[in-house]
Amino acid sequence: MSTPPLVVMRGVTKRFPGVVANDDVSIELRAGEVHALVGENGAGKSTLMRVLYGIYPPDGGSIEVRGREVRIHSPRDAIARGIGMVHQHFVLVDPFTVAENVILGQEGSQLLHPDEANRRVAELADMYGFQIDPSARVEQLSVGEEQRVEILKALYRGVDLLILDEPTAVLTPPETSALFANLRRLRETGKTIVFISHKLDEVLEIADHITVLRRGKVVGATKPAETSKAKLAEMMVGRPVLFRLEKPKTKIGEAVLQLEGLRGGRLRGLDLEVRAGEIVGVAGVEGNGQRDLADAIMGLRPLEGGHIVLDGRELTSISTSEIRNAGIAFIPEDRQDQGLVLDMSLWENGVLGRQDDEDFSRRGGILLIKRIKQLAVRLLQEFDIRARSIETSARTLSGGNQQKLILARELETDPRLLLAAQPTRGLDVGAIEFVWSEILEQKAAGRAVLLISAELDEIYALSDRIVTLYEGRITGAYAPDAPAEEVGRGMLGDVAATKAG
Ligand SMILES: Nc1ncnc2c1ncn2[C@@H]1O[C@H](COP(=O)(O)OP(=O)(O)OP(=O)(O)O)[C@@H](O)[C@H]1O
Ligand SMILES: [Mg+2]
C-alpha cells in the first residue's frame, strides 16, 4: 500500500453570509511537494487554507491528515497536527529578538537561557539554509527577514506542512530568490508547502502541482510542465488575459506636478516633474523612499525642505483634504492602513475623503445617505467588486476587491494627478489588466499620473518616462523602452550609468 497523502481536504464547503467561499473543494497535499493555489481575487484561496489551519470551521466536507479524519478547531490544533501558516501581516513582537520570537509561547520557553535560545534557533536556521541572526531585534529586520522568522517559528513547532499566503507580494526580487532557495531546501527534507500567489511566473518556477480555484470551486489541477502563464491565467479568470496593453498616444502637455528638493524621512533632495497626459513610473527597490514620497505629496508627513507644486500652486504645508481638493487622487501602497477603514461599510468607504463635498452632504454636515449609497452601487458595478452588498464591512472583502474599491473611489474624483503607489499589489491577473487599462485611460484623458511601483513589469507596461529612486533621490531618467539592465543599475544607485531626461 502506498502512503496516504499528508493532507486530504474532501468536499470542503465554507459559507459566509451571502457567499459560498469554498464550494465542495477537494485537494490533496503530498509530502515533499510545493503545491500552488491560484485563482482570482475572492476565489476562496485564503479561506480554504484558514479552514485547514483551524481558523474557520467548515460547513461541510472532511479533512484527513496522514490518512486519518480529523477536526481542527484552532491554529493550536493545526500546529499539533503538523500544519503551520504564515500570514501576510506578520505577528512578531518588535522589541524581542529573533530567537525570542521563534521560541515564544513554546512550552518551557521562559526557562531557556538566551544563549541556549540563540543556539537552538541558529541550528534550526542552519539546517534549512536560512540567513538570520538569532540575536537581532525584530524591529531592525527587513520584511524578508521578518518572514524568515515567521517560517522558522512554524518549523520550530515541528510542522510538516507550511502554508504561505502570498509570501512574495511584499518581497524584493533578491528576497524572493532567497525565499525560493529556502523552500527548495524544505521540500528536499520532505516538508510540504502550500504557496498562494498571483505571480504566475513564480508559480511556474517553484510549484510541483497547481490547483486553480474560481468562485469557490476547483476548476483545474495541473503542473508547470503541462501549462503556461497564459493558460493558467485563462483557467483562473475564464477568458484570455493580455499581458501587454496598447499605450494610448497622447500629447504630453504642461507640467502638472513639480517636486523640488524634497527632504524628510528617507527623501534626500528629490526632484521630479509630471506633465499632463504623461505617466511617470518611479522604479526602485522598496525602502528607498517610496512611501515617504507618496506621504509627502499627500501631506501625510512633514517635510524638512523642498516644494510640492500642483498646477503652479504650492501645496507644501496644506492639509491632506485640501491637497485632495486641489486635484490629487491617491492609491496608497497599504490599503489596510491608509486606504480603507476596514470596519466601515463599503458605501462609507466609497465616499471616504469626499463626504463633505456638496454632492454628498448638506451644509451643516448632514450626509445625503441615499446619494452616497447610489455612488457605492455604481462603483461596485463598474469595477466588478465582488461583495454581497454595499452594507458589508470592507474587512470581509478579499484583498483584491479591497484594492479595487480604493481605485474606484479615487478615479471617480476626476483628478488632475493620479498618485498610484503599488496599485496592483495582491491583484489577480485579470484585475491587473483592468487596473492597468484604467490608469492608461487616465493618461488618455490628459491627466498626469505618478506611478510608484516595485514591479518592473508594471513600470514598463504603463510609463512614458521611467525614473529610478535610490536612497531618497532620483538617480536617472529613461525612455520607456530602455533596457532593464540600465534601469536596474539606476535602481541600485549607479548614477553614472544613467542618462539625463
Ligand atoms: N471573514 C469573512 N467574512 C465574510 N466574507 C468573507 C470573509 N473572508 C472571506 N470572505 C469572502 O469569501 C470569499 C473568498 O475570499 P478569500 O479571501 O478566501 O479569497 P482569496 O482567493 O484569498 O482572494 P485574494 O486573492 O483577493 O486574497 C470572498 O467573497 C470574500 O469576500
Ligand atoms: Mg487571499
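These figures come from a predicted structure and were not determined experimentally. (Residues numbered from 1 in each chain as written. Chains lettered and ligands numbered in written order. Predicted model: local features only at pLDDT ≥ 70, side-chain atom pairs only at ≥ 80, totals over all residues. Heavy atoms only, no water.)

In the vicinity of ligand 1 there are 19 residues, among which Gly42, Lys45, Thr47, His198 and Thr396 approach most closely. Tyr56 is positioned with one of its side-chain polar atoms (N or O) 3.3 Å from a nitrogen atom of ligand 1. Thr396 places a main-chain nitrogen or oxygen 2.7 Å from an oxygen atom of ligand 1. Within the complex, 86% of the 640 Å² of free accessible area of ligand 1 lies under protein. By residue class, the composition of the shell around ligand 1 is 6 nonpolar, 10 polar and 3 charged. Per-domain counts for the shell around ligand 1 show at least three residues from each of domain 1 (7-237) and domain 3 (337-414). (Near = heavy atom within 4 Å. Polar contact = N/O pair within 3.5 Å; in protein donor to acceptor, adjacent residues only side chain to side chain. Areas by Shrake-Rupley, 256 points an atom, 1.4 Å probe, with all protein chains shown as cover. Nonpolar A, V, L, I, M, F, W, Y, C, P; charged D, E, K, R; others polar. Domains from an automatic or database assignment.)

Quick look at the packing of aromatic side chains now. Summed over the entire model, instances satisfying the criterion amount to 4 aromatic pairs. For the pair Tyr128 and Phe130, a centre-to-centre distance of 6.5 Å together with 80° between the ring planes defines the contact as edge-to-face. Each member of the pair, Tyr128 as well as Phe130, carries the same accessibility label: buried. (Phe/Tyr/Trp six-rings, centres within 6.5 Å; stacked < 30°, edge-to-face > 60°. Buried < 20%, exposed > 50% of the residue type's maximum accessible area, 1.4 Å probe, protein only.)

We note that the domain assignment places domain 1 (7-237), domain 2 (254-327 + 416-501) and domain 3 (337-414) within the protein. Here the C-alpha centre of domain 3 lies 26 Å away from the C-alpha centre of domain 2. Taken over both partners, the interface formed by domain 2 and domain 3 buries close to 1200 Å², and the fraction arising from carbon and sulfur atoms is 55%. Contact with domain 3 buries area across many residues of domain 2, yet Arg324, Phe434 and Arg447 alone supply 33% of it, more than any other trio. Linking domain 2 to domain 3 there are 3 salt bridges. (Buried area = accessible area lost by both parts, 1.4 Å probe. Salt bridge = Lys/Arg side-chain N within 4 Å of Asp/Glu carboxyl O.)

So, about the pairing of strand β13 (residues 279-283). Across the 5 residues of β13, 5 count as buried, placing the element largely inside the fold. Residues Ile279, Gly281 and Ala283 point to one face of β13 and Val280 and Val282 to the other, with burial holding for every one of them. For β13 and strand β20 (residues 448-453), the ladder comprises 5 bridges, and the chain directions are parallel. The partner of Val280 across the bridge, within β20, is Leu450. Pairing between β13 and strand β21 (residues 465-470): 4 bridges, direction parallel. (Helix = DSSP H or I, 4+ residues; strand = E, 2+ residues; numbered from the N terminus. Pairing = 2+ DSSP bridges.)

In terms of nonpolar packing, the biggest core is built from 49 residues, with Ile151, Leu155, Leu162, Leu183 and Leu186 touching the most fellow members. The dominant element in this core, judged by the number of residues it contributes, is helix α5 (residues 143-156), at 6 residues. When sequence neighbours within four positions are dropped, the list of residues in contact with Leu162 reads Gly84, Val86, Ile151, Ala154, Leu186, Thr192, Ile193 and Val194. Judged by nonpolar contacts, the second largest core, of 45 residues, contains Ile432, Trp436, Val449 and Val487. (Core = buried A, V, L, I, M, F, W, Y, C linked by side-chain atoms within 4.5 Å. Contact = heavy atoms within 4.5 Å.)

All right, on to the sheet that holds β20 then. The mixed open sheet is built from 6 strands, whose spatial order is β16-β19-β20-β13-β21-β22. Of all the strands in the sheet, the pair left with one neighbour each is β16 (328-331) and β22 (473-478). On average, adjacent strands in this sheet sit at an angle of 20° to one another, irrespective of strand direction. Bridge analysis of β16 against strand β19 (residues 417-421) gives 4 bridges, and the strand direction is parallel. Its bridge partner lying in β19, Phe330 is registered against Leu419. Where helix α9 (residues 290-297) meets the sheet, its contacts fall on β16, β19, β20 and β21, and the angle it forms with β20 comes to roughly 150°. With respect to the sheet, helix α17 (residues 484-491) is in contact with β13, β21 and β22, its orientation differing from that of β21 by roughly 35°. (Axes fitted to C-alpha atoms, helices over the stretch in contact; angles between N-to-C directions.)

On average, residues of the protein score 91 in pLDDT, and 98% of them are at 70 or above. Contacts from residues 497-501, a stretch scored under 50 in pLDDT, to residues over four places away or in other chains number 9 contacts. (pLDDT = per-residue confidence, 0-100.)

Pairing in this open sheet of 6 strands is mixed, and the strands run β6-β7-β8-β3-β9-β10 from one edge to the other. The sheet is open, and its two edges are formed by β6 (83-86) and β10 (217-222), each paired on a single side. The sheet shows a mean angle of 20° between the axes of neighbouring strands, direction not considered. In this structure, strand β3 (residues 34-39) lies alongside strand β9 (residues 209-214), joined through 5 bridges in parallel fashion. Paired with Leu37 across the strands is Thr211, a residue of β9. Packed onto the sheet, helix α1 (residues 45-52) meets β3, β6, β7 (161-165), β8 (192-196) and β9 and runs at close to 135° relative to β3.

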